[in-house]
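Below are the chains, spelled out letter by letter.
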Amino acid sequence: MWKVIAAVVALLLLACGGVVALGSYGGFEYWRLAQVESEVAVADARLAEAEAAAEQRRNAACEEGQFAYAAKDYGRAVDRLDECIELDPGNATALLARGKSYAQLERFERAEADIDRAAAIDGSNAETWKALAWVRVRLSDDPGAVAAADRWVALEPNEAAAYQLRADAAYRQGLVELAVRDATRACDLGLEEGCALKARMRR
């Protein structure tokens, strides 16, 4: 009988030991998970801080670049917009401003590259097509200028300067019919240069 009692006691002791061990393991797992959650929270907070700092830096660079362009400080505008675009490559407004800054510095190839990218991102901005047409005229790319002016005219059908630029570029290519039509339209919209070009072509 005492052997049975001893066996029962032994089983109870083993069971109690198992409960204690499981409790200890459960406590350890709870502590470990709490540590992991804490580390994740710290990492998330640091990431949020870094993202906020990067956003603040980007906004400052973009704003400073735009202010510099407005102040006609084109070298400074390019410097600040470089950082702006590095942090926000899809910023069509910054690309356009940097392109126009390059154009004012007579770095027309770089200007065209930036403005072309801006147009690819946002083709609904008439100012982008205007700038692109103007730059392509400076690069002696009259077909490209006409193509950009087409988009400009589509967005601003009553802009006399668009017809005038397209008339000039078309005339240099020998597209006389288009040139006369556009010069006439520019003249009708009140642009004296259009009237003068129309008269010159008739002579």
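Residues numbered from 1 in each chain as written. Predicted model: local features only at pLDDT ≥ 70, side-chain atom pairs only at ≥ 80, totals over all residues. Heavy atoms only, no water.

1. Quick word on helix α4 (residues 108-121)
The test is simple: Numbering of helices and strands runs from the N terminus, with a helix taken as a DSSP run of H or I at least four residues long and a strand as a DSSP run of E at least two residues long. Every helix has an expected span of 1.5 Å times one less than the residues it contains. Only protein chains enter the accessibility calculation, which uses a 1.4 Å probe; a residue is then buried when its area is under 20% of its type maximum, exposed when over 50%, and partly exposed in between. Relevant arc is that of directions from the helix axis to the C-beta atoms, nothing else.
An ideal rise of 1.5 Å per residue puts 20 Å on 14 residues; α4 measures up with 20 Å between its terminal C-alpha atoms. Where α4 is concerned, the buried positions are F108, A111, D114, I115, A118 and A119. Taken down its axis, α4 places every buried residue within 140 degrees of arc, on the same side. Exposed side chains of α4 directed beyond 90 degrees from the buried face belong to E109 and A120.

2. Re the environment of E156
Relative to the helices and strands, E156 resides in the loop between α6 (142-155) and α7 (160-172). The exposure class assigned to E156 is partly exposed, which follows from its relative accessible area of 32%.

3. Points about the nonpolar core
Most often, soluble globular proteins have nonpolar side chains that are buried together. Spelled out, the test is: To define a nonpolar core, start from buried Ala, Val, Leu, Ile, Met, Phe, Trp, Tyr and Cys residues and group those joined through side-chain atoms within 4.5 Å. For this analysis, residues touch if any pair of their heavy atoms sits within 4.5 Å.
Counting residues in hydrophobic clusters, the biggest one holds 44 residues, and the most contacted among them are L81, C84, I115, W129, V135, W152 and L165. When residues in this core are grouped by element, the largest group, seven residues, is from helix α3 (residues 92-104). Every residue in contact with W152, bar those within four places of it in the chain, is listed here: A126, W129, K130, E159, A161, A162 and L165.

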